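Chain residues, written in single-letter form:
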Amino acid sequence: MSKRITERLSLQFLGAAGGVTGSKFLVTFGAQQILVDCGLFQGLKELRLRNWSPPPIDVEKLSSIVLTHAHIDHSGYLPRLVAQGYSGPVYATPATCDLLKVMLLDAAYLQEEEARYANKKGYSKHKPALPLYTVEDATRALRLLRPTKNREEVQMPRDGMWLRFTRVGHILGAAAARIGYDMGSHKKYLVDSGDLGRYRRPILKDPDSVTGGDWLMVESTYGDRLHPPAPEGELAQIIAEVMDESGCLIIPSFAIGRTQELIYTIRKLEDENKIPSVPLHVDSPMGINATEIYCNHTEEHDLDMQLLADEERCPLRSQQFFIHRTQEESKAINNLKGPFVLITSSGMATGGRVLHHLRQRLPDPKTTVLFVGYQAEGTRGQVLQQGAKEVKMFGQVVSVRAKIKTIDGFSAHADQAEIMRWLRGFEEAPRKTYVVHGEPKASAALAQHISETLNWKVEIPKYGEKVTLG
């Protein structure tokens, strides 16, 4: 009997279980371990404090890390783990690797800057305030990246384990991860959907199908709802209102994915004469760099994007387009008079340059703040969405007189129908499907729908739960 048959395969849910952040799934096969995704917790303080706790992973046993995409809630804990001693390979698609070179360095820089600012102003309870990790930690993490093409099966460091990525269209480079295990006379496969993207959306190709797996983890961010129709009309109306009163439209946006789709949509609305030309300012070094990376990875582009690029015109640029890389350029926005549109990060208003703009412009009734993505529980974005009359930033209380609006249709996450469409690509039902990466209500709704519609065995794991697969 092969020795591998006696080795147990187990899975532990160290994040994105009972919530949508901190995605980490620890796979143990015999004496070796693999971490699928390595994300930061965001939102509620009790969640964020998990980032500072000792790693729930023995880095000496960890043989490799697999990243499904570059968003911080899936990749942002990597430098912290490297600082704790991890030095093995990190597998990701080529586009994800390119985005991580921007995203992790930016995240580290922001944490260093926020710690410096907290020490300068004295509003932190910690003396001194420290960053979760440094730029040097992020730089060391980037050296571990192993670019892996979609649909290319690669041997992992441990004998008898394979990895294959499949495009899912959530953001540039996003992929589902299918990990194979040689268990002697047979092979078994664990699939993590990562964050599933949408069908018939601009810029990126549609998600590809994964034809099979013995066990499946599927995200459920929007597992309890359907997205509204295309949001271009709503955005055009809001921009028109802002222009009529010479106001300022601030759009807190994820630097990767959402920022590029917003730029694309505003350009399209201008080209179709659905809005007048409007000054569009992008104040996010990471968003600016990511936009350039989006343009470079033509293998990910859908047909419309390819046709626009063939015309020798950058599809990710509007008629009046201004970028702000430096702090001085960002501060200069304070002197701008409306009308103009400002896209800046972070998407949930939890950090970054958007906070400085909100602090200045929230008290102005001619300001409109537009949220175009999911706002996790406990984030400043959710607080504003719920009608708060004041918010706290940088140790100060800021009054809210600005108009707060939301458009849901820009989500890069698949809705319930799109998740089900992707699941139907499986030729056979998995032995077990674990519904992850969703708030309890969304996960429960999706789990029930999968069970009733596909007749699959479904579970909703709890944070920290460990299950034996085989």
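Since the structure is predicted, the reported quantities are computational estimates derived from the model, not experimental observations.

*Asks:* I'd like to hear about the overall build of the protein chain, residue by residue, with values.
*Replies:* Broken down by element type, the protein chain carries 14 helices and 22 strands. What you see for the protein chain is a C-alpha radius of gyration of 22 Å, in line with the 23 Å of a compact globule of 470 residues. When the backbone C-alpha atoms are referred to their principal axes, the protein chain occupies close to 75 × 55 × 40 Å. The proportion of buried residues among the 470 residues of the protein chain is 59%. Put simply, of all contacts in the protein chain between residues at least 6 apart along the chain, 75% involve residues at least 24 apart. Summed over its atoms, the accessible surface of the protein chain is roughly 19,300 Å², and 48% of this surface lies on carbon and sulfur atoms. The centroid of the 58 positive side-chain charges in the protein chain is displaced by 5 Å from the centroid of its 56 negative side-chain charges.

*Asks:* So what's going on with the side chain of histidine 69? Residues and values would help.
*Replies:* Here histidine 69 shows up in the loop between β4 (62-66) and α2 (72-75). Among the polar contacts made by the side chain of histidine 69, one reaches the side chain of threonine 68 at a distance of 3.1 Å. Side-chain polar atoms of histidine 69 contact the side chain of aspartate 195, separated by 3.4 Å. When neighbours within four sequence positions are excluded, histidine 69 is seen to be in contact with Asp37, His74, Ser75, Thr96, His170, Ile171, Ala174 and Asp195.

*Asks:* Tell me about the pattern of salt bridges, residues and numbers included.
*Replies:* Applying the stated criterion across every chain yields a total of 18 salt bridges. Residues aspartate 137 and arginine 140 are paired through a salt bridge, measuring 3.4 Å at the closest nitrogen-oxygen approach. Pair noted here: aspartate 137 and arginine 140 are both in helix α5 (residues 135-142), with a separation of 3 residues, about one helical turn. On the basis of relative accessibility, which here comes to 32%, the residue arginine 140 falls in the partly exposed class. In this structure, glutamate 300 engages arginine 167 in a salt bridge whose closest nitrogen and oxygen atoms are separated by 3.4 Å. Taken as a pair, glutamate 300 in the loop between α8 (285-296) and α9 (303-310) and arginine 167 in strand β8 (residues 161-167) lie far apart in primary sequence, 133 residues in all.

*Asks:* Describe the sheet that holds β4, with residues and values.
*Replies:* Taken in spatial order, the 7 strands make up an open sheet running β6-β5-β4-β3-β2-β1-β22, and their pairing is mixed. Each edge of the open sheet carries a strand with a single partner, namely β6 (145-147) and β22 (466-468). Adjacent strand axes in the sheet meet at a mean angle of 25° when their direction is disregarded. Of the strands in this sheet, β5 (90-92) and β6 touch helix α4 (residues 94-121), which is tilted by about 145° from β6.

*Asks:* Run through the packing of aromatic side chains, naming residues and quoting values.
*Replies:* Scanning the model with the defined rule gives 6 aromatic pairs in all. Arranged with centres 6.0 Å apart and planes meeting at 80°, the rings of phenylalanine 13 and phenylalanine 25 form a pair that is edge-to-face. Residue phenylalanine 13 is found in strand β1 (residues 9-13), and its partner phenylalanine 25 is found in strand β2 (residues 25-29); the two are separated by 12 residues along the sequence. Both residues of the pair, phenylalanine 13 and phenylalanine 25, count as buried. Between the aromatic rings of phenylalanine 29 and tyrosine 181, the centroid separation amounts to 5.3 Å while the plane-to-plane angle is 70°, which identifies the pairing as edge-to-face.

*Asks:* Could you give an account of unusual backbone geometry, naming the residues involved and the relevant values?
*Replies:* The amide bond that connects glycine 338 to the next residue, proline 339, takes the cis arrangement and shows omega of 5°. One can find proline 339 in the loop between α10 (327-332) and β15 (340-344). Here serine 345 and serine 346 are connected by a cis peptide whose omega angle stands at 20°. Of note, serine 346 is situated in the loop between β15 and α11 (354-361).

*Asks:* Go over the packing of helix α6 (residues 232-244) against helix α7 (residues 258-271) with me, naming the residues and quoting the values.
*Replies:* Direction vectors running N to C along α6 and α7 enclose 75°, while the axes themselves pass 11 Å from each other. Relative to α7, α6 is oriented roughly perpendicular. Residues Glu232, Leu235, Ala236 and Ile239 of α6 form the contact with α7, whose participating residues are Leu262, Thr265, Ile266 and Leu269. For the contact of α6 with α7, the residue count by class is 6 nonpolar, 1 polar and 1 charged.

*Asks:* Describe in detail the environment of threonine 379, supporting the description with residues and values.
*Replies:* Secondary-structure assignment places threonine 379 in the loop between β16 (367-371) and α12 (380-385). For threonine 379, a relative accessible area of 1% translates into the label buried. Placed 29 residues apart in sequence, threonine 379 and threonine 350 show a C-alpha to C-alpha distance of 6.1 Å. Excluding anything up to four places from it in sequence, threonine 379 contacts Gly43, Met348 and Thr350.

*Asks:* Before we move on, can you summarise the nonpolar core with the specific residues and values?
*Replies:* Ile65, Trp422 and Leu423 are the most contacted members of the largest nonpolar core, which totals 94 residues. Counting residues per element, this core draws most heavily on α4, at 9 residues. Those residues in contact with leucine 423 that lie beyond four places of it in its chain are Leu216, Val218, Ile450, Leu454 and Trp456. Judged by nonpolar contacts, the second largest core, of 29 residues, contains Ala17, Ala175, Trp215 and Met217.

*Asks:* Explain the pairing of strand β13 (residues 280-283) to me, using residue names and the numbers behind them.
*Replies:* Alternating positions in β13 separate into two faces, Leu280 and Val282 on one and His281 and Asp283 on the other, with burial throughout. Inspection of the sheet shows β13 paired to strand β14 (residues 321-323) by 3 bridges, in the parallel sense. If you follow leucine 280 over to β14, its bridge partner there is phenylalanine 321.

*Asks:* Residue-level account of a nonpolar patch on the surface, with values.
*Replies:* A grouping of Leu49, Trp52 and Leu130 is seen on the molecular surface, where their side chains present a nonpolar patch of about 330 Å² in accessible area. One can find tryptophan 52 in the loop between α1 (45-48) and β4. The exposure class assigned to tryptophan 52 is partly exposed, which follows from its relative accessible area of 43%.

*Asks:* Please provide a residue-by-residue account of the state of the cysteines, values included.
*Replies:* Defined simply, a disulfide is a covalent bond joining two cysteines at their sulfur atoms. One pass over the full model with this rule turns up 0 disulfides. With no disulfide of its own, cysteine 97 lies 14 Å from the sulfur of cysteine 38, the closest cysteine sulfur. On the basis of relative accessibility, which here comes to 3%, the residue cysteine 97 falls in the buried class.

Definitions and limits used
Residues numbered from 1 in each chain as written. Predicted model: local features only at pLDDT ≥ 70, side-chain atom pairs only at ≥ 80, totals over all residues. Heavy atoms only, no water. Helix = DSSP H or I, 4+ residues; strand = E, 2+ residues; numbered from the N terminus. Rg over C-alpha atoms; globule rule 2.2 N^0.38 Å. Buried < 20%, exposed > 50% of the residue type's maximum accessible area, 1.4 Å probe, protein only. Contact = heavy atoms within 4.5 Å. Areas by Shrake-Rupley, 256 points an atom, 1.4 Å probe, with all protein chains shown as cover. Lys, Arg positive; Asp, Glu negative; His and termini not counted. Charge placed at Lys NZ, Arg CZ, Asp CG, Glu CD. Polar contact = N/O pair within 3.5 Å; in protein donor to acceptor, adjacent residues only side chain to side chain. Salt bridge = Lys/Arg side-chain N within 4 Å of Asp/Glu carboxyl O. Pairing = 2+ DSSP bridges. Axes fitted to C-alpha atoms, helices over the stretch in contact; angles between N-to-C directions. Phe/Tyr/Trp six-rings, centres within 6.5 Å; stacked < 30°, edge-to-face > 60°. Parallel < 35°, antiparallel > 145°, perpendicular 65-115°, else oblique. Nonpolar A, V, L, I, M, F, W, Y, C, P; charged D, E, K, R; others polar. Core = buried A, V, L, I, M, F, W, Y, C linked by side-chain atoms within 4.5 Å. Patch = residues over 30% accessible without salt bridge, like charges linked within 9 Å, V, L, I, M, F, W, Y side chains within 5 Å. Disulfide = S-S within 2.5 Å.

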